[in-house]
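Analysis of the macromolecular model
Here is what each chain is made of, one letter per residue.
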Amino acid sequence: MPSVDTRAPATPGASAPPFVHPQRTRINLALFAIGMATFAMLFSTQALLPDIAAAYAVSPDRASWTVSATTVGLALAVLPLSTLSERFGRVRLMTVSVATAAGLAVLLPLAPDLSSLIALRALQGAALAGIPASAVAYLSEELDARATVGAIGLFIAGNSVGGMSGRVLTGWVAEGAGWRAALAAVAALAVVAALTFRLLLPKARFFTPASLRPRAVLASVVGHLRWPLLLRLYAIGLLLMAAFSAVYTVIGFRLVAEPFGLSAGLAGSVFVIYLVGTVSSAVSGPVLGRLGRRGALYVAIGTTVVGLLLTLTASLPAVLAGLVLITGGFFFGHAVASGSVSRVATHGKAQASALYQVAYYLGASVGGTAGAAVYHRAEWSGLVTFALVALVTTGLITLYATARARTAPAASLEPGLAA
């Protein structure tokens, strides 16, 4: 069911003369910097959960709220902020968002108790929501079509590098100076990245402000939520992220415990595996073209399941190999699902993508908190069972779509279902 596009007409980047090379380079570097800052801050406490749990004498699931509160805050704020970016501009919203989030990052090491830390993290997540709501829209408006593809790839690469560097940095700093110093290090990284972004990013040339029309936005959102194909893609994003978030929220607890007994720094270094996601996301396009959306999703689900089963062993090399497969499979599946949303939605693409991000980050919140609770009660085997249930459900949704595509007449399918 098509929905209403609430964006005001703007000169499309594809028909606009591209920036000259130095300006395009500045855009790429600026978006890489803000992408790195976003994910460094978003998951800054994930590698520190064992230290935070010990410092406040709480269970893993309570400590995991320092991650889940941030992703909940982002999920709740991304749709409203995507609407505000249509009125006040991409550059302004990204600037305010990253500055606010970096300011909150400076306050995190001073949090006197766990409740204060969780509250600050929730506010930080809400502030960060303005960045994914605006970055891709800015690039599509300001660059020609070919340059936009590369720039979005660099923005996603910045996400991966930020997610990896924030976790590795906090692990090693915490080992030598404690978890509060580790959060201060992430704050310093975020401030430098935010300043780099603001100094490099050129002014928008083709943004056209739109009036805020709540009724039109609501109509667009309701239209998307009534579209079965989009609902399935949202569910797939949520479930994939729930499984992935559960694994990476808890993996630090497992690696510092027996039989591995790694230090905080070494356990944090495992997040270097995140870089596998950069590669698997990049190859998703060619594989999608050959296998189709559902075939690519089967590959992603199967790869992740094999990785989960490998982590059940007591062998550190096998666990690391399992994490490589989990990471590669997840990012591959996420790239397929999120890219399908933008291709399938014929109208209201900003709202369609924002709704996917809502589902995605709600999956991160549910997976992190529920996964930690399961691990606290049933150890790693329980965590793997939890993640497998999410992946099997993802597979069943994809099987349902396959069955519909084979039995329903082509004319009766939602647009893009057979793609």
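Just so it is clear, the structure is predicted and the values come from calculations on it, not from any experiment. (Residues numbered from 1 in each chain as written. Predicted model: local features only at pLDDT ≥ 70, side-chain atom pairs only at ≥ 80, totals over all residues. Heavy atoms only, no water.)

1. As for helix H7 (residues 135-142)
In terms of burial, H7 is largely enclosed, as 6 of its 8 residues are buried. Taken as a whole, H7 has its buried residues at Ala-135, Ala-137, Tyr-138, Leu-139, Glu-141 and Glu-142. (Buried < 20%, exposed > 50% of the residue type's maximum accessible area, 1.4 Å probe, protein only. Helix = DSSP H or I, 4+ residues; strand = E, 2+ residues; numbered from the N terminus.)

2. Some thoughts on the packing of helix H4 (residues 65-88) against helix H6 (residues 114-128)
Remark: H4 packs on H6, axes separated minimally by 6 Å, with the N-to-C direction vectors making an angle of 30°. The angle between H4 and H6 places the two elements in the roughly parallel class. Both H4 and H6 take part in a crossing whose hand is right-handed. When H4 is examined against H6, the residues Trp-65, Thr-66, Val-67, Ala-69, Thr-70, Gly-73, Leu-74, Ala-77 and Leu-81 are found in contact with a partner set consisting of Leu-114, Leu-117, Ile-118, Arg-121, Ala-122, Gln-124, Gly-125, Ala-126 and Leu-128. Tallied by class, residues from the contact of H4 with H6 come to 12 nonpolar, 5 polar and 1 charged. (Axes fitted to C-alpha atoms, helices over the stretch in contact; angles between N-to-C directions. Parallel < 35°, antiparallel > 145°, perpendicular 65-115°, else oblique. Left-handed = near helix turned anticlockwise from the far one by under 90°. Contact = heavy atoms within 4.5 Å. Nonpolar A, V, L, I, M, F, W, Y, C, P; charged D, E, K, R; others polar.)

3. What about the nonpolar core?
Ranked by internal contacts, the top residues of the largest apolar core, which has 120 residues, are Leu-31, Leu-117, Tyr-248 and Leu-323. It is helix H16 (residues 349-407) that contributes the most residues to this core, 18 residues altogether. Residue assignment places this core across two domains, with domain 1 (22-207) and domain 2 (213-410) each supplying three or more. Not counting the four nearest positions on each side in its chain, Leu-31 is found in contact with Met-94, Ala-135, Tyr-138, Leu-139, Phe-155 and Leu-201. (Core = buried A, V, L, I, M, F, W, Y, C linked by side-chain atoms within 4.5 Å. Domains from an automatic or database assignment.)

4. Focus: a nonpolar patch on the surface
Side chains of Val-106, Val-191, Leu-195 and Leu-199 sit close together on the surface and give an oily, nonpolar patch of about 370 Å² of accessible area. In terms of residue count, the dominant contributor to the nonpolar patch is helix H9 (residues 179-200) (3 residues). Residue position: Leu-199 is located in helix H9. The exposure class of Leu-199 is exposed, given its relative accessible area of 69%. (Patch = residues over 30% accessible without salt bridge, like charges linked within 9 Å, V, L, I, M, F, W, Y side chains within 5 Å. Areas by Shrake-Rupley, 256 points an atom, 1.4 Å probe, with all protein chains shown as cover. Salt bridge = Lys/Arg side-chain N within 4 Å of Asp/Glu carboxyl O.)

5. Focus on empty space enclosed by the protein
The final tally for this structure, using the stated rule, is 2 cavities of 30 Å³ or more. In this structure, the largest cavity is lined by Leu-229, Arg-232, Leu-233, Ile-236, Arg-293, Arg-294, Leu-297, Ile-397, Thr-398 and Ala-401. Looking at the lining of the largest cavity, the elements with two or more residues in it are helix H11 (228-256), helix H14 (284-310) and H16. Class assignment of the residues belonging to the lining of the largest cavity gives a composition of 6 nonpolar, 1 polar and 3 charged. (1 Å grid on protein atoms, 1.4 Å probe; cavity = no way out; pocket = protein on both sides within 12 Å on 5 of 7 lines; lining within 4 Å. Points joined across faces, edges and corners; volume = space filled by probe spheres on them.)

6. Here's the deal with the environment of Leu-139
With respect to the helices and strands, the residue Leu-139 is situated in helix H7. Put simply, Leu-139 and Phe-155 are 16 residues apart on the chain and 9.8 Å apart in space, counted from C-alpha to C-alpha.

7. Re unusual backbone geometry
As a rule of thumb, non-glycine residues mostly have phi less than zero, and peptide bonds are mostly trans rather than cis. In this structure, Pro-259 follows Glu-258 across a cis peptide bond, with omega equal to 15°. Considering the arrangement of structural elements, one finds Pro-259 in the loop between H11 and helix H12 (264-269). Positive phi outside glycine occurs at Ala-57, with the angle close to 55°. With respect to the helices, strands and loops of the structure, Ala-57 is situated in the loop between helix H2 (49-56) and helix H3 (60-63). Positive phi, normally seen in glycine, also occurs at Glu-379, with a value near 60°. Within the secondary structure, Glu-379 is located in helix H16. Of the residues examined, Glu-379 reaches a relative accessible area of 57% and is grouped as exposed.

8. So, the confidence of the model for the protein chain
Per-residue confidence for the protein chain gives a mean pLDDT of 82; residues scoring 70 or more make up 84%. When the elements of the protein chain are averaged for pLDDT, helix H13 (residues 275-282) gives the smallest value, 72, and H6 the largest, 96. (pLDDT = per-residue confidence, 0-100.)

9. Points about H2
Owing to its 3.6 residues per turn, the α-helix aligns residues three or four sequence positions apart on the same side. Every buried residue belonging to H2 is among Leu-49, Pro-50, Ile-52, Ala-53 and Tyr-56, and all of these are buried. Take H2 and look down its axis: the buried residues cluster within an arc of 165°, on one side only. In the stretch just after H2, Ala-57 is the one whose phi turns positive, near 55°. (Arc of directions from axis to C-beta.)

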